[in-house]
Each structure stands twice: as C-alpha cells, then as structure tokens.
Amino acid sequence: MDSNKKYWKGLEELNKTPEFVEKNKNEFAEPIPIEDLLSGSGLSAKTPRRDFLKALGFGVGAVTLAACQKVPVHKSIPYLIKPEEVTPGVANYYSSSYEGQAILVKTREGRPIKVEGNPNDIFAKGGLSAQGQASVLDLYDANRTQDPKINDADAAWPEVDAYVLRELAAVAASGKGIRIVTSTVHSPSTLGVIADFIAKYPTTKHINYDAVSYTGIIQANQNSFGKAVLPHYNFDKAEVIVSFGADFLGSWISPEEFTRQYVSNRNSKSLEAKKMSRHIQFEAGMSLTGTNADNRFPIKPSEEGIALLSLYNAIAGTSLAGAKKLSNKAADTAITLVAKELLAAKGKALVVAGSNDVATQTLVNAINSLLGSYGNTIDLDNPSKQYAGNDQDFVGFVTELAAGSIGAVLFLNANPAYDYFKAKEFTEALKKARLTISFSDHGDETALLSKVVAPNHHYLESWGDANAVEGYYTVIQPTINPVYNTRQAEHSLLVWAENPVKDYYTYVRNTWDKGLLVKGGLSGQKGWESLLQAGLIKAAPATAGAYTFSHDLNAVAQTIVDHSNSLVSGDKFELQVYQSVAMGDGKRANNPWLQELPDPVSKVTWDNFAAMSMTDIQKLGFEEGDVIKVEANGYSVEVPVLAQPGQAQGTISIAVGYGRVSAGLVGNNVGKNAFPFYSYRNGTFQTTAVITDFKKTGIISPLAQTQTHHSYEGRSVIREASFTAYKKNPAAGSGNEGEHKDYNKTSLWDDHDRPVYNWVMAIDLNACTGCGACVVACSAENNIPVVGKDEVKRRREMHWIRIDRYYSFNDHGDSEEAITKEKDIAKLTNFDNVSVVHQPMLCQHCDHAPCETVCPVLATVHSSEGLNQMAYNRCIGTRYCANNCPYKVRRFNWFNYWNDSRFDNYLNNEHTQLVLNPDVTTRFRGVMEKCSMCVQRIQAGKLKAKIEKRPLKDGEIKVACQQTCSANAIVFGNANDPNSEVSKALKSERTYYVLEELNVQPGIGYQVKVRNLSELEA
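All values reported here derive from a predicted model rather than from experimental measurement.

Caption draft 1: Main features of the overall build of the protein chain. Of the regular secondary structure elements, the protein chain holds 33 helices and 41 strands. Pairs at least 24 residues apart make up 75% of the contacts formed inside the protein chain by residues separated by at least 6 positions. A total of about 37,800 Å² of accessible surface is found on the protein chain, and carbon and sulfur atoms cover 50% of it.

Caption draft 2: Representation of the nonpolar core. In this structure, W252 and F282 are the most contacted members of the largest nonpolar core, which totals 122 residues. Other than its neighbours up to four places away in sequence, W252 contacts Y214, I217, Y233, F235, A246, D247, F258, V352, A353 and G354.

Caption draft 3: How the structure looks around the pairing of strand β38 (residues 970–974). Counting buried positions along β38 yields 5 of 5 residues, so the element is predominantly enclosed. As judged from the 5 bridges shared by strand β31 (residues 759–764) and β38, these two strands associate in the antiparallel manner. Bridge pairing in β38 links A762 to V971.

Caption draft 4: Region of interest: the packing of helix α16 (residues 391–403) against helix α18 (residues 423–430). Contact geometry for α16 and α18: axes closest at 8 Å, N-to-C directions at 45°. Between α16 and α18, the angle is such that the two are oblique. Crossing of α16 over α18 shows left-handed handedness. Packed against α16, whose contacting residues are F394, F397, V398, L401 and A402, the element α18 presents E425, F426, A429 and L430 at the interface. Residue classes in the contact of α16 with α18 are distributed as 8 nonpolar, no polar and 1 charged.

Caption draft 5: Summary view of the environment of A643. Tracing the sequence through the fold places A643 in strand β24 (residues 635–643). Separated by 18 residues in the primary sequence, A643 and G625 have C-alpha atoms spaced 9.2 Å apart.

Caption draft 6: Expanded view of the sheet that holds strand β15 (residues 435–438). Taken together, the 7 strands give an open sheet; going across it, the order is β5-β4-β16-β15-β14-β6-β7, and neighbouring strands pair in mixed fashion. Where the open sheet ends on each side, the last strands, each with one partner, are β5 (153–154) and β7 (204–208). Strands in contact with helix α8 (residues 188–200) are β6 (177–182), β7 and β14 (406–412); relative to β7, the strand with the most contacts, it is inclined by about 150°.

Caption draft 7: Just helix α31 (residues 935–947), in detail. The terminal C-alpha atoms of α31 lie 18 Å apart, and with 13 residues this matches the ideal 18 Å at 1.5 Å per residue to within 8%. Within α31, burial applies to Q936, R937, I938, G941 and A945. Tucked into the core, α31 has its buried residues touching β3 (111–117), β31, α26 (773–782), α32 (960–964) and β38. Phi turns positive, to about 55°, at K949, one or two residues after α31.

Caption draft 8: Broad picture of helix α10 (residues 255–263). By the criterion of burial, α10 is predominantly enclosed, with 8 of the 9 residues buried. Those residues of α10 not exposed but buried are P255, E256, E257, F258, T259, Q261, Y262 and V263. If you follow the buried residues of α10, they end up packed against β2 (101–108), β8 (230–233), β9 (240–244), β10 (278–283) and α12 (288–292).

Caption draft 9: Layout of unusual backbone geometry. Located in the positive-phi region is K274, a residue other than glycine, with phi close to 60°. Residue position: K274 is located in the loop between α11 (268–272) and β10. K274 gets classed as partly exposed once you look at its relative accessible area, which sits at 37%. One non-glycine residue with positive phi stands out, namely W606, at about 60°.

Caption draft 10: Spotlight on the confidence of the model for the protein chain. Chain-level pLDDT for the protein chain is 86 on average; 87% of the residues reach the 70-or-more range. Here residues 70–74 is a poorly scored stretch, pLDDT under 50, and it has 16 contacts once near neighbours within four places are set aside; other chains count.

Caption draft 11: Looking closely at the side chain of S277. By secondary structure assignment, the location of S277 is in the loop between α11 and β10. Taking relative accessible area as the criterion, S277 reaches 3% and is therefore assigned buried. Setting aside its immediate chain neighbours within four residues, S277 contacts A238, E239, N265, R266, D294 and N1012.

Caption draft 12: Main features of the packing of aromatic side chains. Taken as a whole and judged by the stated rule, the model has 43 aromatic pairs. Three or more aromatic residues joined by ring pairs make a cluster, and in this case those are Y209, F394, F397, F411, Y420, F421, F426, Y680 and F685. In this arrangement the basic side chain of R660 is found over the ring face of Y418, its NZ or CZ atom lying 5.2 Å from the centre.

Caption draft 13: Structural detail: the sheet that holds β2. Spatially, 3 strands are ordered β1-β2-β3 in an open sheet, and the strand pairing comes out antiparallel. Looking at which strands have only one partner, the edges of the open sheet turn out to be β1 (91–98) and β3. Taken over all neighbouring pairs, the strand axes of this sheet differ in orientation by 30° on average, direction set aside. Both β2 and β3 contribute to a ladder of 6 bridges, which runs antiparallel. Among the inter-strand pairings, I103 is bridged to a residue of β3, identified as G117.

Caption draft 14: Representation of the pattern of salt bridges. Applying the stated criterion to the full structure yields 35 salt bridges. Residue K325 pairs with D332 through a salt bridge whose shortest N-O separation is 3.5 Å. R660 is paired through a salt bridge with E445; the nearest N and O atoms lie 2.9 Å apart. Taken as a pair, R660 in the loop between β25 (651–655) and β26 (679–681) and E445 in the loop between β15 and β16 (452–453) lie far apart in primary sequence, 215 residues in all. Since its relative accessible area comes to 6%, R660 is described here as buried. Here the salt bridges share partners, and the residues they tie into one network are K114, E116, E781 and R937.

Caption draft 15: Representation of the environment of G584 in the model. You can see G584 is positioned in the loop between β20 (574–578) and α23 (592–595). The exposure class assigned to G584 is buried, which follows from its relative accessible area of 5%. Counting along the chain gives 333 residues from G584 to S251, while the straight-line C-alpha distance between them is 7.1 Å. Those residues in contact with G584 that lie beyond four places of it in its chain are Q131, Q579, V656 and G657.

Caption draft 16: Representation of the packing of helix α13 (residues 301–316) against helix α14 (residues 329–344). α14 packs onto α13 with a crossing angle of 50° between their chain directions and a minimal axis gap of 9 Å. Classified by the interaxial angle, the pair formed by α13 and α14 is oblique. Once α13 is placed against α14, the crossing between them reads as right-handed. Listed contacts from α14 to A307, S310, L311, A314 and I315 of α13 are I335, V338, A339, L342 and L343. Partitioning the contact of α13 with α14 into residue classes produces 9 nonpolar, 1 polar and no charged.

Caption draft 17: Up close: the side chain of T291. Mapped onto the elements, T291 comes out in helix α12. Residue classification places T291 among the buried positions, given a relative accessible area of 2%. The residues touching T291, leaving out its near neighbours within four places in the chain, are M286, V601, T769, V836, H838 and R1011.

Caption draft 18: Spatial organisation of the pairing of β15. Residue alternation in β15 divides its side chains into two sets, L435 and I437 and T436 and S438, and both sets are buried. Of the pairings in the sheet, the one linking β14 to β15 comprises 4 bridges and is parallel in character. Within β15, the position partnered with L410 by the bridge is I437. Examined bridge by bridge, β15 and β16 share 2 bridges and lie parallel to one another. Within β16, the residue paired with I437 across the bridge is V452.

Caption draft 19: The arrangement of the state of the cysteines in detail. One pass over the structure, following the stated rule, counts 0 disulfides. The structure places no disulfide on C768, whose sulfur is separated from the nearest cysteine sulfur, that of C774, by 6.6 Å. By relative accessible area, C768 is classed as buried at 10%.

Reading the values: rules and limits
Residues numbered from 1 in each chain as written. Predicted model: local features only at pLDDT ≥ 70, side-chain atom pairs only at ≥ 80, totals over all residues. Heavy atoms only, no water. Helix = DSSP H or I, 4+ residues; strand = E, 2+ residues; numbered from the N terminus. Contact = heavy atoms within 4.5 Å. Areas by Shrake-Rupley, 256 points an atom, 1.4 Å probe, with all protein chains shown as cover. Core = buried A, V, L, I, M, F, W, Y, C linked by side-chain atoms within 4.5 Å. Buried < 20%, exposed > 50% of the residue type's maximum accessible area, 1.4 Å probe, protein only. Pairing = 2+ DSSP bridges. Axes fitted to C-alpha atoms, helices over the stretch in contact; angles between N-to-C directions. Parallel < 35°, antiparallel > 145°, perpendicular 65-115°, else oblique. Left-handed = near helix turned anticlockwise from the far one by under 90°. Nonpolar A, V, L, I, M, F, W, Y, C, P; charged D, E, K, R; others polar. Expected span 1.5 Å × (residues − 1). pLDDT = per-residue confidence, 0-100. Phe/Tyr/Trp six-rings, centres within 6.5 Å; stacked < 30°, edge-to-face > 60°. Lys NZ or Arg CZ within 6 Å of the ring centre and 35° of its normal. Salt bridge = Lys/Arg side-chain N within 4 Å of Asp/Glu carboxyl O. Disulfide = S-S within 2.5 Å.

Pasting the structure below:
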C-alpha cells in the first residue's frame, strides 16, 4: 500500500477543526478542580445525586449469603478442581454455557467474578464476545426481580403456584388457547419441559420469537431445498466471500465463530503459506464487517436485491428481469468483476446477505448453488439452531390475542412490549388475556404488563443445557446459589404442568441419561461428572450434502424488484435499522460495561444516533450533534446526527437496542427505540424503510465519542501492504523492506539483564477485527470503573486497552500530493470510499519508558521482567507521565469512580463490588493507572509452576485481552524463550513497532495489515 497514505481517526482530526486543535494542545481537557478537591465537594458544587446504594436498593447481604453457602450447589462439578469447600484466596473454575457457547466461570470465595470461553468450544475455541464477558455483571444487577409477584404485589411461591394452577385450569376449561412465547429455545431439556406442559394443556402452542429475525433465511431454505433450517456457514473454507449487508463479524448469527473461521484464512499462518481469502462487502452503513473487507462498496438498502440480481445474471449468464445499474458506479462495475472471482473459486466461494426478505435469500441460495457452495462453505445437514423465530407465527399470535381467543400467555426471554414493531397494538391485545405470566428476571417492559411475574434465575444460578448447532451440546451448571427469591422457569413449568419430576436438575439428568450422554460416548454417573468437567460433547457430524437449486426465479426476481421499488420514493432517504456490536437487541441495556464500550466503527458510547454520509450532511446544512427528527413507517424519533465515512449517500442508519424504559437505572432512556421502524412484509419483519420526513429540531446533543481523544501529532502508526506486495516481499509496508534503521544504537538508558522472563506481546493487525471484546475482558479482570457519558465527553474514559479506528481514502487520484504534503484536504471529498484499520492500543511497556524518566516519586518503574509497573500508593497525580507518554495510554482518576455515589455505574455500591477481582487493587482519586499486562495472572502462573516444581510452559499464562480474542490476534509470552509463540510472532517480517523512531523500545510489536486487493482496486 502507499507509504504516504494519510490516516485519520475522525473528521475533526482530518479537518483540524479549531475545537480539536485547541483540545489537543493539552494532554487533559480540563485542569484538576483543586477548589472542589479541597472543599470535598467532588464533582461540582451542585447537590450530589441520590445515594446510588439507596436508589438502586443494593445490599451486600443477599449475595453474601448465597456465596457463603456451599458453592456451587451440591451437584456441580468444578472444571479443574473438586473442592470439598471454598478455599479463601483460591479460584475455582466451573464449566457452563452462555447462549449455547461453552464457557468457564471463575469464582472466588463462592462468587463468580469472570467468564471465559472454553478452549474446547467449537465456536471461538476459547474466545468470547463482549456481551459474554459482560454477562457476569448482570448477576449482581440490583434491578433483578427479587421476589415473585401477583398483580404487582410480592407473593410467596406457593401462593403463585396456587394462583397459576387455578387460572390455567379455568383457561383450559374455557377452551381458549395458551401460548408460550420465547426467544429461540435450543435446549433439549427446556424443549422437553415445554412439550410436557403442552401435553397437560393441549391448547398450548410454543412460539419462537426473536427480536432480530432470521426467518427469511429459514423460509428461503424451506422453499429452495425443503429444509427449514438456518445453515451452518464455513467461512474458513471460503477463498472468496461476498457479503450484501451481512455483518457476520459483528452481529450476524454467530460472529465469534465466524471471526475465528474468517481470520484463519487471513492471519500469520495463512500469509506465511502465501494464502489469503478475498472479502468484498456491499452495504449501506459502515459495519464492523465492512471495516475488515478488502473492498467495500456503499449501496442503498433498496439496491441490495438489485445488485444480487445483477450478480446472478453475471454468474449464470442469464437475464433475470429487474437488474439495473446501481447509483454507485464503482459498485456497479464491481459486480461483474466479483462474479468472475466467485466463478474462479467455485466450490470455495460464499455469498451471504443480511436481508430478512425471503425472495432475496432465495436468490442468494440460487447463487450459492451455482457456485457449488452447498456441502462446502454452507452446511444444511448440521444446521445452526441459534435462531428459530417465526415472524408469521408471532404476527398471527398478536391477531389471536386481539380477537380474544387466547386465555393465557407465558413469556420466557421475550420482551415484545419493547422490541415488537407494533408494541402498542400488542399491549392492547395482551389486556384481553385472562392470565399473563413473565419469567423475566428483570422488570422489563413485558413484565410490567403481566399479572404474574415468576422471576427466572440468572444463567450462572441455573441448571440446563443447549444445542446451538446440530451435534454440539453444552451443559449449564450453577456457580452460585440463587441470590434472590427466584426460581428457574423450567421448574415453574414442571410444577404448573403437575409433572411427576418437579426438580429441574433431575429432569436435565434424565434428558442426558436417556440419550445425549451416549452421543458423547459417555454413560452413568461417571459420564455425567465427565460432562460437567468438560462442559460439552460433540457428536459425529452428519455428512454435509450438496444441494442444487432448480426453481424458477422469475417470480422471485419480481418480488425483489417490487421490494426495491417500495423503498424508492423520489428523493426520499432510505432508513436502515441494524444491531450494534455491544448492545445487540437491547436485552442487556442495563449493563454499564456494554454501554461504555465504544462502538467499533463510530466510537460512540451511551447512545444511538442517525449515521449519515458526509456529503448528505453538508448538503442539508447539518452538523454532528444536531438532533434531527426521523420519521418512517408512521413512527418518529429524535436522535443526534453522526457523520459516518462510508455511509451510502441518501441513507440513514439507526441502531436498535436503545430506548429502553424499564431496563434499570443504567439503561433507562439511553438513546431511542428504533424497533418501531420495522415493518411486516411477505411473512417476515423488514429492517428497511422509506424516510417520509426528517428535519433539525434545533437541539444540539454532542455524542460521547472516544475516537479523537488521543493524538499522535501527525506521526504514522499504521502500516499496510497489499497481498500482492506481501507475496513479493514479506516485509512490505513494515518499514523493513530495505536496510532498517537501528534506532537503538545510541541510548541514554543503561541496559538491564532479564535472566528468566522478558514479557512481551505481539498483535496481528490482520487478525484483529476491532470487535472490542478485549476491552470488556480487561475491565472485568482489572476492576476498571465505568465513568458514564458525561465523563467520556470530557475525555475521561478509563479503559486500559482501546481499539483505535483509522480511516484512509482509497481513491486518491490527483490528490496524492495533497495528502503527502497535508495541504488541500478539502479536495478529498469522496468520504464514501474509505478503508479502515483497527489497532489495539495499550501500555507498550517500553524498555526506555519516558513515563518513568519524569515521575518525581518513582511511582512508575521498570521490573526485572520487562514490565512497566505502577505503585499506586506512591503516585501523587502530577500527570507528568501521561504528558510524556507518546502512546497516550495512561488514565488519570479524576474521582473515586469505583465508590463515588455520584456516578451511576456498577462499582459504587457494596453489592456489585462483589464482582471485583480480589487479586487487583482498586485505584483511588488522583492517581494514574494503565495496563499492567495482567501481572496478577503472571504471578499466579509462576507460583503454580513453582509449587509443581517445573518450568513455566509457554502459553500457560494468558492475559485477559488475549484469552477472550476469538481471532487470536494477541499473543503474550516470554521473549527469552526463542521457541515461544510470541518470539516466533515478533520474528515475522511483518512486525513493526509503533513510534519506534522515538527509541522508547516498546515491548509490543504489531504485524502489518494486509489487504487482498485485485482488479477492484484498479
């Protein structure tokens, strides 16, 4: 790639706006408030908010009592050790499952404090998403429903059971229907319980309802091949991947699994073998997947189906009606070239689409059939069971409700009062049911409408199982006794069905003893204990068969054209509704770790927004932060504008998952609800719409973004190369192509011996997708506080690791000289065509650390093992170290975030402080903190090896960010061991060190980003 390419984090940095220039003159946007500090008034002279402990009802008693009992309950088996009782200071690990993915749960003194991926899991091989990492915090959420309720009044469980049994009998006698509405259930035991309930009450029907639906894919497979399944995709077998709006690395179906597969053809091992997949993305809004594509083309949502028609015609040599030129000329040209590449990779090609439209997905099936994808990159015989929601069934259910033919409704992990697009219609219809029951463990929007609330356990308190993919089974076991007076939903169903087996643990055991253990080659009590220790079994997969598409596509093409035309209305804008990586469908909106996780693309926290192209914003006279009213499908919201490079012109993107009104104090009224923008068409929920009106409201609401909080003063920190250049010279783009300048010849520092350990890290920019899971994992491991939206806007976020996102222009043309000389930036107006690089940035643990030189009290010093360490009780908060750090990775504690009642976060009360890692001290006001390379894990690993009287093994110590990374982009280890994985990684010719010209000798090496470009770039 061009060595003089200019990278920029945000438009303010690119254009050097006066505000940006002014804020970057100083390391800190504000001085320390000395007056407030001395007066003890803290944040300001205003009256502090109500004490957080009282406001949220937190109390240490419930969790303490739960943790102090023998943990976990008597039938649980630890993953590594079988303790007779809890040993203070010693961690126990238990296998469990999070949404079908095998995990390990770390407990201390009987309380879960950390969740990790199980290395044997088929999804991410030990990796875990940001949502999975954050799930442990939900256990300590005081907004959980603490007692069952009848008509909004607390009740005892016997009272609830008597009331429900009486009401169910009355409904059954009346002949009216009973409905169990759930999000997708893929647990064999839960499905068994529901079947037993239906046997007891024959008018019952189970309805799977997913807020974000995949019905379009499932129905298309039924129509195409007679198999109503969600395929299991194999991105690792694909040499050419073409995606039309499917964010498969961010939020589509199974992003952790797809990330692992995708990266396996693009990481160091693949590159060394001179192999790399090609990835082309067509989409409206810039997604996480789009940022990782080799080539990306912005197109309108109305054009996705049309583009697929053109692609089909180019591959099949036919002329299906409806194909026409796209508004983006580059995208239009690319379709023909993409068709050639796909045909050249026949049998190893994959086309996916994010649309929920049946016709669109049917056309995708036809394309993949022509490419020989079935049985190779697409597996219909070992399908995914993660999403089984049926949109038509749920719409029919609402119609039945409104007609008064439903007598009882039970809701499990479903919240249609919030995420159904016609929530008011649903709410009115629900009033006609005699009995409504919610199993929600939070008082969510649907629970507020229910006559009975039978609160479910948190999954870390539960027994259960899961079957997320055909032939792959995981087990759920409790890691703590129930904190509150909750009861597992399956247990309640067993009681109300008057099932002979009323203990759900026994029911789960029976399910496994009757067949599932045999599938895993196990049996009896010993087999059950082996299962609990392993956490999963994998049955022999069925042979993936080839499927041929043979249906007439003329009607399909016409449906696609009609759908496209319905979104085109003169010069009206098109709306795309999408899921953000952190917030998803909004079920975890009350989790502050997720709310404060910067969006991987926009870097916005604590809000959703209207993403628009820079060209449209300039035409309309908008500015970032302007609140606009957006109206579509008879619904409107007021959200701030965000200028998003790469956004298709004439489109607006808004994320769902926000705008909750009954999530809890953390999540309530954060952002606006975008689910009502959905529509129902041809049997599925549609996520696109025509914007009938939008305008400025006159309100300005600045977004809390982190993207330009740190500046390198124009220095180059990103290295890129094309795959073609890499194959010619593996050092391409690294700065090591010719004679490499030795910046370490002259030094003011004395060299120090590190006889045993020299801890270093390698980060592969070609593997890192920018998902942010490492940010949450680091927060959980190292007790990093949440500071809230206002503090983030003041540049005071506390994350020890951040993912810097850099844009660069793809089509420089005659402006190359302007970029090089940083003169006429205004000429570069094509913000649609940008490429993106994600770079994890944390303390570089420099051997010649500039922070250590300027500290007047030796609070930051270098260890004999190469770590830059902090002695918090020495630090007096001069902030000299932060000023002298070229990487801007040090954090200053402006306040006692972890126990200050004026901050609405998770650490300022006794209850949620039980999630804190006791091996890591909490920091206090006025001190600096930063990445420690998880020194507590290093010490624990060394101690274990010492006790066992053996050398420390490579890979035995994994830092938190490394352990959770599904892409295996981060490698940590001992540089003194030449055979260690990190030593081998750092010897790669792609390795470079950020700002090495400063001679600070960083301990973290990066591998150059490589893009597999082709004719599309030319």
